[in-house]
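Fold and contact review
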Amino acid sequence: MRDKVKDHCAIFGVISDDIGYSVSKLLYQGLMALQHRGQESTGISILKTGGNIITYKKSGLVSKVLESKVLSQYWGNVGIGHNRYATTGATGYKSTDYMQPFHFKNNEIEFSMAFNGTIANFDEVKKNMDEMGRVFITDTDTEVIAQLIGSIALGSEDWPEVLTLAGRLLDGSYSLILMTSEGDIYAMRDPLGFKPLCIGELKNTKRNIYFVASESCAIDVVGGDLIRDVLPGEIVHLSHQKDIHSEIIIKSNRTALCQFEFVYFARPDSTIDGVSVAEARLRLGEYLAKNDPILMNSEIRDNAVVVPVPDSGRSFAVGYAKEAKLPYVEGLMKNRYVHRTFIIPGQAKRKIAVKEKLNPIKSVISGKDVILLDDSIVRGTTTQQIIALLKDKGEAKQVHLRISSPPIISPCYMGIDFPTKNELIAGRFQELYGEDYIEEIRKKTGADTLIYQTIECLMKALQKNQSELCLACLTGIYPLKSVQKLAEMEKSIVKSRA
Ligand code: SF4
């Protein structure tokens, strides 16, 4: 229903030193915990006793795809899994060739790989592979990486060396895991660390189990303990014989963790690069309240209630209400059984979808000054409808919109499904109205006042500085050089249309 940006995929791997134990149930539980990162398809690869890799993948949610009869057939002590988010309409989106894990096999090499991210120099790498005579069955980054790794592995049996060489040829934002037919798992994070990736363990008297996951919530859910994050530019080797080894293959003088992981993508019960997502969200709400001039207006303050846009606005609203010492109320009821309406095309149909999904609770907001908390404004269309609902159906006196993210002015070229600059309300309005663009967004959404988070407060709330985060969609300055050129091209197109 909401015009939200979407992440691409979750990865999860498990390795046990007990060859009489199957990890498939743990894969299921871990992928269930990571369902929010991708709902289009799910898959697992398991190493069967004897060294054969078997892979099962299908469209649908984890609970539908990985039924108990599948889990009982896919039995082994090492496995990896993947949840995929695909843009609807993307080429081959329903074909299993496009789903992951990607199982690579030729006469000499076999491995399975799960990938989250995007490769900025995809065209260049693919062209080189084409010239080497490689035949591709999809147009995905995943296959390009798998073919690249496969061709390097022909000349070396040393997996860290293979992945190091591949890592040096790839420019992008990614986390990946690779399971070999020898029963090892390698986890790798790009040199700037855009995407989260962490490792955990579960040790008892019967067996030692290691995990690698897109988010720490998956390690919690399977009963494990978080060991640490995989570092940017690091390859971690999980072995059922030799425990954990790691090496940094590419050192960078900065990192670029996606700030949106904290604002929207990640589960609040995850910890990313040492920072709790839940606590970061509370602080984001607190900073909005600390800097809100409306709280000095006693007439509004005495009549105000803090309302979240469910579900993503909740943590921010709790932080705001606590800092402002104002009542927090659930002023919008969400119907959890209306699914997938965000893909409904056309403005009129989307409008109906918002009404089906959200209903204002008149008894708590009628006549009130509603301070409405949301995580971000992307296109602005649903924000406008939510505010209209609060005023028309809920009879709110005024709606004061507070946004936990700074204005999103530029697209993401780092693997997030993002609208173009022209579709981003803040990007377009900034080009159209210059310094007055936030006031114009306020008018468009129908809010009585509008305040966005500042980039400075965002960094304080995330407890990270500019050289640790990707802020490109907020600043238009991209950490990857090949991407900066693309962004400048798009900016000039929007300017010429403005
Ligand atoms: S541009 Fe924005 S959404 Fe994309 S990686 Fe950077 S911070 Fe994340």
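Our subject is the structure listed above.
Below or above, wherever it landed, is the structure these notes cover. (Residues numbered from 1 in each chain as written. Predicted model: local features only at pLDDT ≥ 70, side-chain atom pairs only at ≥ 80, totals over all residues. Heavy atoms only, no water.)

With that out of the way, let us pick up the packing of aromatic side chains. According to the stated counting rule, one finds nine aromatic pairs in the structure shown. Across the ring face of F136, the terminal group of K126 is positioned such that the distance to the ring centre comes to 4.9 Å. Positioned above the aromatic ring of Y287 is the side chain of K290, whose terminal nitrogen or guanidinium carbon lies 5.6 Å from the ring centre. (Phe/Tyr/Trp six-rings, centres within 6.5 Å; stacked < 30°, edge-to-face > 60°. Lys NZ or Arg CZ within 6 Å of the ring centre and 35° of its normal.)

Here we have four strands laid out as an open sheet, ordered β17-β20-β21-β22, and parallel in their pairing. Two strands close off the open sheet at either side, each with one partner strand: β17 (304–308) and β22 (449–452). Put simply, the sheet's adjacent strands are angled 20° from each other on average, direction ignored. In this sheet, strand β21 (residues 398–403) lies alongside strand β20 (residues 369–374) in parallel orientation, the contact comprising six bridges. Residue pairing across strands places L373 opposite R402, the latter belonging to β21. Running over the sheet, helix α14 (residues 381–392) touches β20 and β21 and is turned about 150° from β21. (Pairing = 2+ DSSP bridges. Helix = DSSP H or I, 4+ residues; strand = E, 2+ residues; numbered from the N terminus. Axes fitted to C-alpha atoms, helices over the stretch in contact; angles between N-to-C directions. Contact = heavy atoms within 4.5 Å.)

The interhelical angle for the contact between helix α9 (residues 277–290) and helix α11 (residues 314–324), taken along N-to-C directions, is 45°, at an axis separation of 6 Å. Relative to α11, the element α9 lies oblique. Seen from above, α9 lies across α11 with right-handed handedness. Contact with α9, carried on its side by R281, L282, L284, G285, E286, L288, A289 and K290, involves S315, F316, V318, G319, Y320, K322, E323 and A324 of α11 and no other residues of that element. (Parallel < 35°, antiparallel > 145°, perpendicular 65-115°, else oblique. Left-handed = near helix turned anticlockwise from the far one by under 90°.)

In this section: the environment of I441. When you line up the elements, I441 lands in helix α16 (residues 437–445). Between the C-alpha atom of I441 and that of L471, which follows or precedes it by 30 residues, the distance is 21 Å. Residues within four places of I441 in sequence aside, it is in contact with I377, I425, A426, F429, L450 and Y452.

For the rest of this paragraph, the subject is empty space enclosed by the protein. One pass over the full model with this rule turns up one cavity of 30 Å³ or more. Its boundaries defined by the atoms lining it, the largest cavity holds a volume of some 130 Å³. Residue lining of the largest cavity: 17 residues in total, with C258, C412, M414, I416 and C470 positioned closest to the centre. Those elements that place two or more of their residues in the lining of the largest cavity are α8 (260–265) and α18 (472–475). For the lining of the largest cavity, the per-class residue count stands at 14 nonpolar, two polar and one charged. Each of two domains, domain 1 (10–253) and domain 2 (276–497), supplies a minimum of three residues to the lining of the largest cavity. (1 Å grid on protein atoms, 1.4 Å probe; cavity = no way out; pocket = protein on both sides within 12 Å on 5 of 7 lines; lining within 4 Å. Points joined across faces, edges and corners; volume = space filled by probe spheres on them. Nonpolar A, V, L, I, M, F, W, Y, C, P; charged D, E, K, R; others polar. Domains from an automatic or database assignment.)

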